[in-house]
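# Structural overview for review
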Amino acid sequence: MEDQISRIIDPKDGETPKQDDGISPLMPFPTAYELNRDREDELVNHAMTRLAALEQELGRDVCSGSDWSGRRQAGLSSAGEMEGLEAASRTWMGKRELYDLTYKNEVSWRASLLGGVFEFSNLVVPVARRITRQMIARAVNYFFATDPWFAVYPVGENDKVRADKADRYIRWKMDQAKFKRTEELAIERAFIQGESVVRTSWANRGQVFRTEATVLVDAAGADILGMNGDYILEDDLWVEQILEDPETGEAIPSGGMVLKRDGQTQQPMEMIWVTKYIMRRITHYKGPEAKVINFKDFLCPLMAESIQDADCVVHLYDMPLMDLADQWKKSIDTSASADDRVKSTRDAIELLRVLASSGTESKSAQDSDNVDSSTWETNGFRGNTQPIIEIAEFHLRYDADGDGILEDVMLIVDRKTRTPIFYDYEANITPDGLRPFTVVRVNEVPGRWYGIGSMEMFNTSQQILDLLINRWNYGNSKAARVDFWNPHNTVEGRANPNLELNWGGTYTPAPGKTAEDCLTTVYLDNKTGPQMRELAEFFMQLMMNESGIANANDGNASGMDSTKLATGIRNIEKSGQELFSLHLGHIEPGVTEGLLKMAKLVFSNLDQMEVYRYFEDAEGGEGGKELQEINPGDIANMEIDTRILLTRYRGEQILESSIRAVELVDKFYAEMRPEVQMRTMELYQQMLKALQVANADKIIQPVMLPPAGSSPGMPDAQATAQAAAPKPRISEPLL
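Small disclaimer: the values here were computed from a predicted structure and weren't measured.

Once that is clear, we can look at the environment of His 315. Within the secondary structure, His 315 sits in strand E7 (residues 312–320). Considering only alpha carbons, one finds His 315 and Ala 392, 77 residues apart in sequence, at a separation of 6.0 Å. With residues near it in sequence (within four places) discarded, His 315 still touches Arg 199, Ile 293, Asp 297, Ile 391, Ala 392, Glu 393 and Phe 437. Within polar-contact distance, the side chain of His 315 engages the side chain of Arg 199 at 3.1 Å.

Printed below as a string of structure tokens:
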């Protein structure tokens, strides 16, 4: 049966499928990074070799499956397999998966990897999980408790209007992209595993449909299109064109009308409207997008100082073949010649034919780790017939064109067939020319791009604590009554040497024997419980103290009565803030860098006027909203004209500098005589400017010496009027 892929790749009548001549490049999409077949093969071979090395370095080759850590020791056929399992658990990715599983309280892997008492008792006291969760909550609250949580600030006085407009527009875009939620997930992953990688990209999701519409045409019946190539509909608005006087810079009307949505398309003299069926595209979302990448799907050398400095980073993901075909359709250059379009179409179809041999199951960790295979098979979801391509997206530094200069290149390859799907210069892909990844991390490892998570920090203490609890539990489970039975000391036992003790039976002690001589019971009690509990509480207290998030209730576990006092509670709070500030300092650069990348995507992709709805708190506490519009020119050169800072951090800066500025101003006017103010005026103005206080020259002005009989600081005219005014009587109210 013909499906949607077959309609694209199957040869048409009279068509001969293209044969690989071994000379022409396989990549069908025209880009600025042009390679011949030899250079293309060299680039792909280098990338795939580097991929294999990174998988081995990080441990993905031995722990890429979702169930590698849960294999039982009894199921291993040899000691060599057990040794390999332990080696996998010590790799970079293996350790991070175990930390993630422990955070989820999924510890079945301990029976096979750790053995010992965990084979019989596998309880968890989730102290490390509790510490990590509170660290996550505190960090998220610090960065995102305020709304808005970021702002665009102007550098100069002339940028205030532009910065305010850009600030509102970017807030709206970030709300649409749900970027705040993405950063919260990134912080959560960072505390669990040490780091999380966030990928930023530009998304344009929509659908194409056919509808009847009234469109604008010229006298010959040809469609008149807007600057974005879209039809001009009858309900589109036209506005008067405003030009800028080159001499004065003032806005002057041109007398002509332009299409409001782009501000450039001139209104024709004669408006001719035709009703017909046209292809339309409805856009569900168009804007920046950020996603947290599964740690198994991102490969970066462990020795690299940062993602941008690494020689190669790889992002692995799955893509349905039909999605690739859809992207190819959308990327066709309509301005190219007919021959070029035919060639690129032929090459793209041949690429799809090669890739159609891929399987139909997910291969990336992002998809496979989140799928219950038994559920899929039970509910019949295995019937997916659409091929899924295993994509390896490389961002590498390599001289593939042979000019002797290393280039930053993005390369997309199908891992199964080693077929290049796309490659181009990095600078043509991202607005800043950098790789589209940011890292949010805690406990930075010096000189490395990754960090150390809270689960790893407390892993040793957590294992000791669980070991104590499980030994205690195992000991209690073995506590029981042991009966010592001597049937020879009974009359029945002398008659039957094999007499068994039977509950409910009657036995007669032999002459001279008592019941104790026949049956003795010994109870096996666990005497180490109190000592184990005390030791467990000791380790719990150590973990809490090191974390910086301990509270008074945590202290009670070890009997620290001082935490019930106000002094003890304040001491805990102060110490916790000092310790936790280190984590906040590690997280902030990653959050800020991701925000800047999203803002640059917004700046670089605004190609036409956009109307958006801005929400703001109105007077009286009620939410207000208004429609606003923004043009590409409103945010031109915004990178050099504005600064983007976290709102809470910026607010603390402003508050601290304002308090200090008020102290300086108060000292200048309250403690300085006018003649001293004249001499120290410039000094105080410089101090206010150092605190970034605007209008420091107007705030610090010496008070003029008043004439005799007037109050200090009072203007002459006011002093004269006061001297001439009649004195009030004592009995009159002084109001």
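Next, the rest of the story.
Contact geometry of helix H7 (residues 127–144) with helix H9 (residues 179–193) gives a least axis separation of 9 Å together with a crossing angle of 145°. In this structure, H7 crosses over H9, and the sense of that crossing is right-handed. Here H7 contributes Thr 132, Met 135, Ile 136, Ala 139, Val 140, Phe 143 and Phe 144 to the contact with H9, which in turn contributes Lys 180, Glu 183, Glu 184, Ile 187, Glu 188, Phe 191 and Ile 192. Residue composition of the contact of H7 with H9, grouped by class: 9 nonpolar, 1 polar and 4 charged.

Tallied over the entire structure, the rule returns 0 disulfides. Lacking any disulfide linkage, Cys 300 is separated from the closest cysteine sulfur, that of Cys 312, by 8.7 Å.

Moving on to the packing of helix H5 (residues 92–103) against H9. Where H5 meets H9, the axes come as close as 9 Å, and the angle between the chain directions of the two elements is 110°. In this view, H5 runs roughly perpendicular relative to H9, as classed from their interaxial angle. Between H5, through Arg 96, Tyr 99, Asp 100 and Tyr 103, and H9, the contact on the second element is made entirely by Glu 188, Arg 189, Ile 192 and Gln 193. Of the residues belonging to the contact of H5 with H9, the class tally is 3 nonpolar, 1 polar and 4 charged.

Let us now look at the nonpolar core. Grouped together as the largest cluster of nonpolar side chains are 59 residues, with contacts concentrated most on Phe 298, Ile 307, Val 314, Phe 394 and Trp 449. Here the element with the most residues in this core is helix H2 (residues 37–58); it accounts for 7 residues. By size, the runner-up hydrophobic cluster in this structure holds 54 residues, among which are Trp 172, Ile 192, Val 591 and Ile 630.

Quick look at the packing of aromatic side chains now. Per the stated rule, a full pass over the model turns up 16 aromatic pairs. Taking the centre distance of 6.2 Å and the plane angle of 85° together, the rings of Tyr 33 and Tyr 423 count as edge-to-face. One end of the pair, Tyr 33, is in the loop between helix H1 (6–9) and H2; the other, Tyr 423, is in strand E10 (residues 419–425), with 390 residues separating them in the sequence. Tyr 423 matches Tyr 33 in its accessibility class, with the two residues each being buried. Measuring from ring centre to ring centre gives 6.0 Å for Phe 298 and Trp 449, while their planes differ by 70°; the resulting arrangement is edge-to-face. Remark: Trp 449 occurs in the loop between strand E11 (437–441) and helix H14 (454–457) and Phe 298 occurs in strand E6 (residues 298–299); sequence separation between them is 151 residues. Each member of the aromatic cluster is reached from another via a ring pair, and the members are Tyr 142, Phe 143, Phe 144, Trp 149, Phe 150 and Phe 179.

Cut-offs applied
- Residues numbered from 1 in each chain as written.
- Predicted model: local features only at pLDDT ≥ 70, side-chain atom pairs only at ≥ 80, totals over all residues.
- Heavy atoms only, no water.
- Helix = DSSP H or I, 4+ residues; strand = E, 2+ residues; numbered from the N terminus.
- Contact = heavy atoms within 4.5 Å.
- Polar contact = N/O pair within 3.5 Å; in protein donor to acceptor, adjacent residues only side chain to side chain.
- Axes fitted to C-alpha atoms, helices over the stretch in contact; angles between N-to-C directions.
- Left-handed = near helix turned anticlockwise from the far one by under 90°.
- Nonpolar A, V, L, I, M, F, W, Y, C, P; charged D, E, K, R; others polar.
- Disulfide = S-S within 2.5 Å.
- Parallel < 35°, antiparallel > 145°, perpendicular 65-115°, else oblique.
- Core = buried A, V, L, I, M, F, W, Y, C linked by side-chain atoms within 4.5 Å.
- Buried < 20%, exposed > 50% of the residue type's maximum accessible area, 1.4 Å probe, protein only.
- Phe/Tyr/Trp six-rings, centres within 6.5 Å; stacked < 30°, edge-to-face > 60°.

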